Amino acid sequence: MAAASSSDSDSGRAESNEASSKWLDAHYDPMANIHTFSSCLALADLHGDGEYKLVVGDLGPGGQHPRLKVLKGPTVLTESPLPALPAAAATFLMEQHEPRTPALALASGPCVYVYKNLRPYFKFSLPQLPPNPLEQELWNQAKEDWIDPLTLKEMLEGIREKAEVPLSVQSLRFLQLELSEMEAFVSQHKSKSIKRQTVITTMTTLKKNLADEDAVSCLVLGTENKELLVLDPEAFTILAKMSLPSVPVFLEVSGQFDVEFRLAAACRNGNVYILRRDSKHPKYCIELSAQPVGLVRVLKVLVVGSTQESLHGFTHKGKKLWTVQMPAAILTMNLLEQRSRGLQAVMAGLANGEVRIYHDKALLNVIRTPDAVTSLCFGRYGREDNTLIMTTRGGGLIIKILKRTAVFVEAGGVAGPPPAQAMKLSVPRKTRLYVDQTLREREAGTAMHRTFQTDLYLLRLRAARAYVQALESSLNPVSVTAREPLKLHAVVQGLGPTFKLTLHLQNTSTARPILGLLVCFLYNEVLYALPRAFFKVPLLVPGLSYPLETFVESLSDKGISDIIKVLVLREGQSAPLLSAHINMPMSEGLAAA
């Protein structure tokens, strides 16, 4: 009976969690064998039949055997091998002709493979880069048998360490070979021309001239040689080329290419660069304190995830708006857009198996998965508008559907501004005096400002005069003459009636000692008595502070204190080099007696 009751309670708890959740569990396959990232996932109606498919650029287990997969529901519809690891996948409209079916673009290595109706349509290759001239000369010498393979290897290693232009793939492969394999490699490749080819690191789409959902879009590519390329959707020619200080890894765009657009690129140097139309170089730069792991644009806010387990919100001009700390490392990020309710939020997959959804810095929802999520994609799948697709670290596939009645609210209450913002302040009523003063300020504002400026100038003038007078009469504790650079500091110790007065005199010059100085005390002889009111100062070595001690005895029994002046003089001169006024404390001993 006890076991039955416990199982009933567990099933009831699971049913209550399912009822309180905003998501329906549509499918979970831990053995789906899909290894990919968020940039390699795309949802599109590839056949124009209203049935949206999932396009996956699968890296394969351990990065081996990459494949292009198209899923319909939970099953794989088509599967084809790829020549290199995929970097990004995107769907876009190439033309306005009917039927308006989107094309699929898959970036892999130095090429972009374009598919229409899941059939190969076009292959765009990045333009080749000019090779290193020193590398070219070395291979020409190897072709003529002027240098042996060992010398070629040593000189190529020297070029790789110092040259700004990187080596070609042929030279890099040669440097990895053993000594016994070098001669055969040189004989096979010495007659071939040197080719230096870059690769694509990231890709996204940019509307060409209209902001409509079904408008023609351009492809935007980020390459390994620190460039951004915008491709024409029909001829696949390069429309624009922009340079970056580092290699881009994440891209976010907004606007239209023919009108105005902004492009944000998160790079490997830990910075996010923002470019605008007709700008060949970045206009703004966001410096992060750690490497970025994701970049998502939510309305007008750029949300950046970093390796410090935090999300940061920035404006398009680089101003930081907010920061949210995560409970674990961020593995992937993507945009959640619920068009029916006009909601845009950012999804973050964490290493602890959670997927957190944030609107600005407000937490909307937390989804817990059996394994860490490595890729996220939200949109229309099949015939459901709000579908969340996740792949896990172990290759699993999770599909969840957002309930039609689900409303995202902040974790602490209703979404929107804080409750304190709606509270009315008890503003006092305007009195007659306040109204009169307001009218006076409006009528006599210019005269009041002039009076304020006049008083301010007088204050500055008096301060300057007092400063000049202090310099001329040596009333400051620091000498202003270049011959005797001195610094004086006085300390009074004791409760009374006898005080210990210590003068710290320092020569602030760098190399020249000072000799022939005198110290004199001026005081009221009715109130104080000093055993040594005048004495000579020893040689002052540069940089050392010399303590000069004497005792002061208070003679008054009425608790009166006065000022003792300390003058530092040079023999044969009447004007002091510097001075200090010491405010003597009241004698506690006489006051107590």
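Residues numbered from 1 in each chain as written. Predicted model: local features only at pLDDT ≥ 70, side-chain atom pairs only at ≥ 80, totals over all residues. Heavy atoms only, no water.

Draft legend 1. A look at the overall build of the chain. Within the chain, the regular secondary structure consists of eight helices and 36 strands. For 593 residues, the compact-globule formula gives about 25 Å, and the C-alpha radius of gyration of the chain, at 39 Å, lies well above that figure. Along the first, second and third principal axes, the C-alpha atoms of the chain reach 110 × 85 × 75 Å. In the chain, buried positions account for 42% of the 593 residues. At a minimum sequence separation of 6, the contacts of the chain that also span at least 24 residues come to 49%. Approximately 32600 Å² of the chain is accessible, and the part contributed by carbon and sulfur atoms is 53%. Here the chain holds 64 positive side-chain charges and 58 negative ones, and the gap between their average locations is 6 Å. (Helix = DSSP H or I, 4+ residues; strand = E, 2+ residues; numbered from the N terminus. Rg over C-alpha atoms; globule rule 2.2 N^0.38 Å. Buried < 20%, exposed > 50% of the residue type's maximum accessible area, 1.4 Å probe, protein only. Contact = heavy atoms within 4.5 Å. Areas by Shrake-Rupley, 256 points an atom, 1.4 Å probe, with all protein chains shown as cover. Lys, Arg positive; Asp, Glu negative; His and termini not counted. Charge placed at Lys NZ, Arg CZ, Asp CG, Glu CD.)

Draft legend 2. Seen up close, the packing of helix H3 (residues 149-162) against helix H5 (residues 179-189). It is the contact of H3 with H5, at a shortest axis distance of 9 Å, that shows an interaxial angle of 95°. On the basis of their axis angle, the class for H3 and H5 is roughly perpendicular. For the pair H3 and H5, contact is made by Pro149, Leu150, Leu152 and Lys153 and by Leu179, Met182, Glu183 and Val186, respectively. Considered class by class, the residues forming the contact of H3 with H5 number six nonpolar, no polar and two charged. (Axes fitted to C-alpha atoms, helices over the stretch in contact; angles between N-to-C directions. Parallel < 35°, antiparallel > 145°, perpendicular 65-115°, else oblique. Nonpolar A, V, L, I, M, F, W, Y, C, P; charged D, E, K, R; others polar.)

Draft legend 3. Summary view of the sheet that holds strand E24 (residues 354-359). Pairing within the open sheet is antiparallel, and its four strands lie in the order E22-E23-E24-E25. Each edge of the sheet is formed by a strand with only one pairing partner; in this case those strands are strand E22 (330-338) and strand E25 (362-368). On average, each strand axis in the sheet is inclined to that of its neighbour by 25°, with strand direction left out of account. Pairing of strand E23 (residues 343-350) with E24 involves four bridges; the strand directions are antiparallel. Along E24, the bridge assignment pairs methionine 347 with isoleucine 357. (Pairing = 2+ DSSP bridges.)

Draft legend 4. Main features of a positive patch on the surface. A surface patch of like charges, here positive, comprises Arg262, Lys283, Lys300 and Lys317. Its place among the elements puts lysine 283 in the loop between strand E16 (271-276) and strand E17 (284-287). For lysine 283, a relative accessible area of 47% puts it in the partly exposed group. (Patch = residues over 30% accessible without salt bridge, like charges linked within 9 Å, V, L, I, M, F, W, Y side chains within 5 Å. Salt bridge = Lys/Arg side-chain N within 4 Å of Asp/Glu carboxyl O.)

Draft legend 5. A look at the pairing of strand E3 (residues 53-58). The buried count for E3 comes to six of six residues, which makes it a mostly enclosed element. Both faces of E3 are covered, namely the face carrying Lys53, Val55 and Gly57 and the face carrying Leu54, Val56 and Asp58. Across four bridges, the pairing between strand E2 (residues 41-44) and E3 is antiparallel. Bridging from a neighbouring strand, alanine 42 pairs with valine 55 of E3. Both E3 and strand E4 (residues 67-72) contribute to a ladder of five bridges, which runs antiparallel. Each residue of the ladder has a partner; that of leucine 54, found in E4, is leucine 71.

Draft legend 6. Geometry of the UniProt feature "domain: Bardet-Biedl syndrome 1 protein GAE" (unreviewed entry) in the chain. The feature "domain: Bardet-Biedl syndrome 1 protein GAE" (unreviewed entry), as given by UniProt, occupies residues 486-588 in the numbering adopted here. Taken as a whole, residues 486-588 contains 1% helix and 52% strand, while its terminal C-alpha atoms sit 34 Å from one another. (UniProt positions renumbered as here; feature names shortened; annotations may be inferred.)

Draft legend 7. Representation of the side chain of threonine 392 in the model. Relative to the helices and strands, threonine 392 resides in strand E27 (residues 384-392). A residue is classified by how much of its surface remains accessible, and threonine 392, at 4% relative accessible area, is buried. Within the structure, the side chain of threonine 392 is placed 2.8 Å from the backbone nitrogen of glycine 396, a separation counted as a polar contact. Setting aside chain neighbours within four positions, we find threonine 392 in contact with Ile34, Asp371, Ala372, Val373, Thr374 and Ile398. (Polar contact = N/O pair within 3.5 Å; in protein donor to acceptor, adjacent residues only side chain to side chain.)

Draft legend 8. Here's a closer look at the state of the cysteines. Tallied over the full model, the rule gives zero disulfides. With no disulfide of its own, cysteine 111 lies closest to cysteine 40 among cysteine sulfurs, the gap being 15 Å. (Disulfide = S-S within 2.5 Å.)

Draft legend 9. Representation of the packing of helix H2 (residues 133-143) against H3. The geometry of H2 relative to H3 is characterised by a closest axis approach of 10 Å and an angle of 175° between their N-to-C directions. If you check the angle between H2 and H3, you find them roughly antiparallel. On H3, the residues that touch Leu134, Glu135, Leu138, Trp139 and Ala142 of H2 are Leu152, Met155, Leu156 and Ile159. Among the residues making up the contact of H2 with H3, the classes are represented as eight nonpolar, no polar and one charged.

Draft legend 10. Representation of H5 in the model. Restricting attention to buried positions, one finds in H5 the residues Met182, Phe185, Val186 and His189. Buried residues of H5 fall within an arc of 100° about the axis and therefore sit on the same side. Pointing more than 90 degrees away from the buried face of H5 are the exposed residues Ser180, Glu183, Ala184 and Gln188. As for H5, its buried residues are in contact with H2, H3 and helix H4 (169-175). (Arc of directions from axis to C-beta.)

Draft legend 11. Representation of the packing of aromatic side chains. Under the definition given, this model contains five aromatic pairs. Taking 6.3 Å as the distance between ring centres and 85° as the angle between the ring planes, the aromatic pair formed by tryptophan 23 and phenylalanine 378 counts as edge-to-face. Remark: phenylalanine 378 occurs in strand E26 (residues 373-381) and tryptophan 23 occurs in strand E1 (residues 23-29); sequence separation between them is 355 residues. The pair formed by tryptophan 23 and phenylalanine 378 is uniform in burial state, with each residue classed as buried. Feature note: the residues Trp23, Phe378 and Phe408 constitute an aromatic cluster, connected by ring pairs. Over the ring of tyrosine 121 we find lysine 116; its NZ or CZ atom is 5.6 Å from the centre of that ring. Sitting above the plane of the phenylalanine 535 ring, arginine 532 keeps its charged end 4.4 Å from the centroid. (Phe/Tyr/Trp six-rings, centres within 6.5 Å; stacked < 30°, edge-to-face > 60°. Lys NZ or Arg CZ within 6 Å of the ring centre and 35° of its normal.)

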